[in-house]
Amino acid sequence: MTDLPAGWTSAPIYDLIDLNPKNGVSGELPAAFMPMSNLGTTYLSTPTFETRAWHQISRGYVHFAEGDVLLAKITPCFENGKAGVARGLPSGIGAGSSEFYACRTDQRVLSPDLLLAHFKDASFLRDGALKMTGSVGHKRVPKDFLLEREIRIPPRREQDRIVAKLKSLLGRI
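Sequence positions are assigned chain by chain, starting from 1 and proceeding in written order. Only residues with pLDDT of at least 70 get local features here, since the model is predicted, and only at 80 or more are side-chain atom pairs given and counted; chain-wide, interface and lining totals rely on the full set of residues. As a rule here, side-chain values cover all heavy atoms of the structure and leave hydrogens and water aside.

1. Some details on the layout of surface pockets
Reasoning step 1: Of the voids in this model, the largest pocket is the one considered here, and its volume is about 230 Å³.
Reasoning step 2: Grid spacing is 1 Å over the protein atoms alone, the probe is 1.4 Å, and a cavity is where that probe fits but cannot get out, while a pocket is an open set with protein on both sides within 12 Å along at least five of seven lines and lining residues have an atom within 4 Å of a point. If you go around the largest pocket, you meet 13 residues; those closest to its centre are Leu114, Ala117, His118, Ile151 and Arg152.
Reasoning step 3: Where the lining of the largest pocket is concerned, the elements lending two or more residues are helix 2 (112-120) and strand 10 (150-153). Grid points are joined across faces, edges and corners, and a volume is the space filled by probe spheres set on the points. Only runs of H or I of at least four residues qualify as helices and only runs of E of at least two qualify as strands under DSSP, and these elements are numbered from the N terminus.

As structure tokens, then:
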């Protein structure tokens, strides 16, 4: 990308996230369980969850933690913009649909809310839908599409300003 404002950079998403990191915990801790149906389609949607014991959900599901951005990878959920930031999790951890990508940012570098805005962008959703692979009804956005996608990165304070403005504008609609 060229013509970026002063202080901005761009980078492929793989330089900015840990994809589907494991939560290194065990036992009876209360944790969030999130099926696909609990992930919203709008930027202001707050993902909801059920509380379960960690040992019940620690296998066979995608792990996530407080502040991770969840992105649906399967059709039609991806095209519908199902994505959100995990917040308010019991014990700070959760697990959910194997059809999510969980993206953990270094929040000092990239705001989860700014990454979410990128995932909600019409061009991201359109380009991702064109790259889907698999059989009809079970198409998925390839991991490489997600990881190789370039994102514009403002300075961290500017990210906060952009996110606040976006939330304010969308809250009025």
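From this point, the discussion proceeds with the structure in view.
2. Some remarks on the sheet that holds strand 6 (residues 69-72)
Reasoning step 1: By the convention used here, strands pair only if DSSP detects at least 2 bridges between them. On the basis of which strands lie adjacent, the open sheet formed by four strands has the order 2-9-6-7 and antiparallel pairing. Edge positions in the sheet fall to strand 2 (17-19) and strand 7 (83-85), since each has one partner strand and no second. Across the sheet, the axes of successive neighbouring strands diverge by a mean angle of 20°, strand direction being ignored.
Reasoning step 2: Sheet analysis places strand 2 next to strand 9 (residues 100-105), joined by three bridges and oriented antiparallel. Residue pairing for strand 9: Ile17 is matched across the bridge by Thr105.
Reasoning step 3: When checking whether two residues touch, look at their non-hydrogen atoms; a contact exists if any pair is within 4.5 Å. Inter-axis angles, ranging from 0 to 180 degrees, are taken between N-to-C directions of lines fitted to C-alpha atoms, where helices are fitted over the stretch in contact. Along the sheet face, helix 2 touches strand 2, strand 6, strand 7 and strand 9 and points at about 175° away from the line of strand 7.

3. Section: the sheet that holds strand 8 (residues 93-96)
Reasoning step 1: Strand order across the open sheet formed by four strands is 4-3-8-5, with mixed pairing between neighbours. Unpaired on one side and paired on the other, strand 4 (50-53) and strand 5 (62-65) mark the two borders of the sheet. Shown here is a sheet whose adjacent strand axes are inclined to one another by a mean of 40°, direction ignored.
Reasoning step 2: With three bridges joining them, strand 3 (residues 30-34) and strand 8 adopt parallel strand pairing. Across the sheet, Ala32 pairs through a bridge with Gly94, a residue of strand 8.

4. Considerations on the pattern of salt bridges
Reasoning step 1: Here a salt bridge means any side-chain nitrogen of Lys or Arg lying within 4 Å of a carboxyl oxygen belonging to Asp or Glu. In total, this model carries ten salt bridges according to the counting rule given.
Reasoning step 2: Note that Arg140 and Glu99 form a salt bridge whose closest N and O atoms lie 2.7 Å from each other. Linking Arg140 in the loop between helix 3 (122-131) and helix 4 (143-148) with Glu99 in the loop between strand 8 and strand 9, this pair joins segments that are 41 residues apart in sequence.
Reasoning step 3: Relative accessibility thresholds used throughout: buried, under 20% of the residue-type maximum; exposed, over 50%; partly exposed, between the two (1.4 Å probe, protein chains only). A relative accessible area of 16% places Glu99 in the buried class.
Reasoning step 4: Among the ionic pairs, Asp106 bridges to Arg108, the shortest N-O distance being 2.8 Å.
Reasoning step 5: On the basis of relative accessible area, Asp106 is assigned to the partly exposed category, the value being 31%.
Reasoning step 6: Since its relative accessible area comes to 70%, Arg108 is described here as exposed.
Reasoning step 7: Within this structure, Arg87, Asp113 and Lys167 form a network of salt bridges that share partners.

Function cannot be read off these values alone, since they describe shape.
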